[in-house]
Structure formats: structure tokens, C-alpha cells
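Breakdown of the fold
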Amino acid sequence: MSQVMHALPGPRRREVVVITGASAGVGRATVRAFTRQGAHIALLARGQRGLDAACREVELGGGKCLPIAVDTSDSEAMFEAADRIERELGPIDIWINNAMVTMLAPFKAIAPEEFKRVTDVTYLGVVYGTMAALRYMLPRNRGRIVQVASALSRRSIPLQSPYCGAKHAILGFTASLRSELIHDGSRVGINTVHLPAVNTPQFGWARNRMPKKPQPVPPIYQPEVAAQAIYWSAHHDRRALLVGAPTLLTEWAQKLAPRLLDRYLGRTGYAAQQGSELDDPQRPDNLFEPVDTEPGARGRFNAKAHAHSPELWAAEHRGWVFGASLLAAGALLCAARLYSHRHARRTA
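All of the points below concern the structure found in this document. (Residues numbered from 1 in each chain as written. Predicted model: local features only at pLDDT ≥ 70, side-chain atom pairs only at ≥ 80, totals over all residues. Heavy atoms only, no water.)

Before going further, it helps to spend a moment on the sheet that holds strand β14 (residues 305-306). Ordered in space as β8-β11-β14, the 3 strands form an open sheet in which the pairing is parallel. Edge positions in the open sheet fall to β8 (197-198) and β14, since each of these has one partner strand only. Here 2 bridges tie strand β11 (residues 220-221) to β14, and the two strands are oriented parallel to one another. Bridge pairing in β14 places Ile220 opposite Ala305. (Pairing = 2+ DSSP bridges. Helix = DSSP H or I, 4+ residues; strand = E, 2+ residues; numbered from the N terminus.)

Written out as C-alpha cells, the structure reads:
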């Protein structure tokens, strides 16, 4: 009598995740979201103190951590970082391009080197990160890249022309690459996540040429909402995920009434991005060098920030929402027909 031996399944390999801009803000919240799921995480950012603090959180959560101090605008440094991640953590499953810098100023007050710097980090940093990820993902024919975009990649606002231009460029680049992956029959996925205004430390260290302290355009969301969206997108084949009601409204307003939106933002966009307090023109900013602090994920707008997004829940469960909508519509139609039938019998 022959016996068939079945091998017991081994332990599931932990995901290897790369997050750029991981030391603070949305990146830091995303590190925490993946840590809760037991991932091994490579943290890429410029500020060493924030990297070290984020790494401790990963290790306390039971995962392996690899902090790499790197400027995403340096292509060779990004390729070297990817090589090191593969050696020390293992095959990269997910790469999240989140690093960014911005400044608040009218275009006429921005120097060429400042505009270039925002573009190099916020746009070319995404390009170089994507190149580094694909070096390993394409030969294996698996993996997913998540580009952290913005509502400002669907519609620009005043005072952030280099940042808005960079975010628009990310969409154009990603759409082109996606078509190439489809042409090649690749199983590597690439998604975009479009964020609303988020309560992060960037508003305390972004370069500012306006008189008052910068602020996100309300309504504001906590970075954990953004992190939830990024984590979900990394595990689903959704081309684009729009987060929050403002992002959805911006999308439709730009489609339906772009000229009206131009005028509205011309009247309100300056004031909406400045608080009531005067800013210190001598404070340090992170445009060219990191402000090497440990700010965590959240900024100074906790009292105004939303911790949940019903629109995000609906986007993540759109199949269920669509089915429920059909059922509700069917129920209403049946009720209307029943009422009509009974009313006809009474009047006969």
C-alpha cells in the first residue's frame, strides 16, 4: 500500500516594501500601516533622525527594517539603494513613491534653481524610484508600484506651480509606462493614489515666500487616511484611487467648469493656503537640505483634520456599493409598480 506524502505549507514570506519619504507625514503613516501587517520595510528619506525613529517602530512591530538616507533626485543613489534592499531584505514586492518637496510662492517669485529642485525630487524622484523597482520586478514578472499623486495632479492651484507641475508630470509618465507594461504582457502593476489636503509636518518646513504660515486647503485629512488608501492600492489592481470628497469634487469641477474654477482659485487660492499667524522668514526649510527632526506623521492641524473618509470606504468597496445601489433601485422600482397597481385598482 503506497502512501502519498503531502508537504506541509511553510510560513508565508513577509512582504518586502520600499517607501520613499518614509521619515515623516504620509510616508511615516504608511510605514505604520505596513508594519501592522508584518512587512519588512526599506525606509528611504533624507533625514536620519526621522529614519531611525521610523525604523524602531518597524522593529517593535516585529518586522525587519532597512533605513537608507538618500535623496530621491539622485538616480545612482536610488539604484544603489534598490541593490542593497534586494541583498539585505529580499525580493521587492511593493515600491511606493511618496517623497516630495514643495514651496509656497507666486511663480514670479520662484528662482530657477528652486523650481528645478521641486521638480527633481517630486517628479524625477518618482521616475528614478520606478526605474529602480523595475530593474528587479520586470525579470521576475511580478510586483506593484504605487505612485502617490494628489488632487493637485488633477487640478492645479496658485502658489505651488512647481509642485503641481511635478504631480501632473507623474500622471503623464505613469500612463505611458502602464501602456508599455500592457504591450509587453507584464504582470507588474502600477497604481496611482490621489490624496486630498493632509495634516503633515510639511507645512512647518516647506519653503515659504508668503507672509503667513502655510496651511493645507481645507477640508484636511489625517495622514492615516492616506496611508490606508496607499496600503489598499498596493494590494489591489485599481488604476487610480481618489481619496476624499475634495479630490472627487476637484475632478468633476475641472471637467465641467475649468474657467469658473480658474476664477474661483484666483480669488480664494492665496488666502486658503495661509493661516492667520505670520511666518518666520528665517526658519529652516527642507527644500535643499533636510530639517533633521523627528516630527512623526502628523502636523499641527489635528483639531481640523478628519480621521475617516466615507468616500475612500466607498471607493474600496465599489463592487458592494454598486450591488447595493442596484438592489435599492430595484426595490424602489418594485414599490413604485406595486403602488401604481394598487392605485389603478382603487380608481377602476
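Relative to the assigned elements, Leu312 resides in helix α10 (residues 310-316). Given a relative accessible area of 1%, Leu312 falls into the buried group. In the structure, Leu312 is positioned 83 residues away from Ala229 in sequence and 7.2 Å away in space, judged by C-alpha atoms. Residue contacts for Leu312: discarding those within four places in its chain leaves Val225, Gln228, Ala229, Leu241 and Val243. (Buried < 20%, exposed > 50% of the residue type's maximum accessible area, 1.4 Å probe, protein only. Contact = heavy atoms within 4.5 Å.)

Turning next to the pairing of strand β7 (residues 189-195). The buried fraction of β7 amounts to 7 of the 7 residues, a majority that puts the element mostly inside the structure. Here β7 shows a buried face lined by Gly189, Asn191, Val193 and Leu195 and a second buried face lined by Ile190, Thr192 and His194. Strand direction decides the pairing type here: strand β6 (residues 144-150) and β7, joined by 7 bridges, are parallel. Counted as the bridge partner of Gln147 is Thr192 from β7. The pairing of β7 with strand β12 (residues 240-242) spans 3 bridges and is parallel. Following the sheet pairing, Val193 is matched in β12 by Leu241.

Next up on the list: unusual backbone geometry. Look at the link from Pro218 to Pro219: it is a cis peptide, with omega at 0 degrees. Not every positive phi belongs to a glycine, and Asn141 is a case in point at roughly 60 degrees. Examined against the element boundaries, Asn141 turns out to sit in the loop between α4 (112-140) and β6. The exposure class assigned to Asn141 is partly exposed, which follows from its relative accessible area of 31%.

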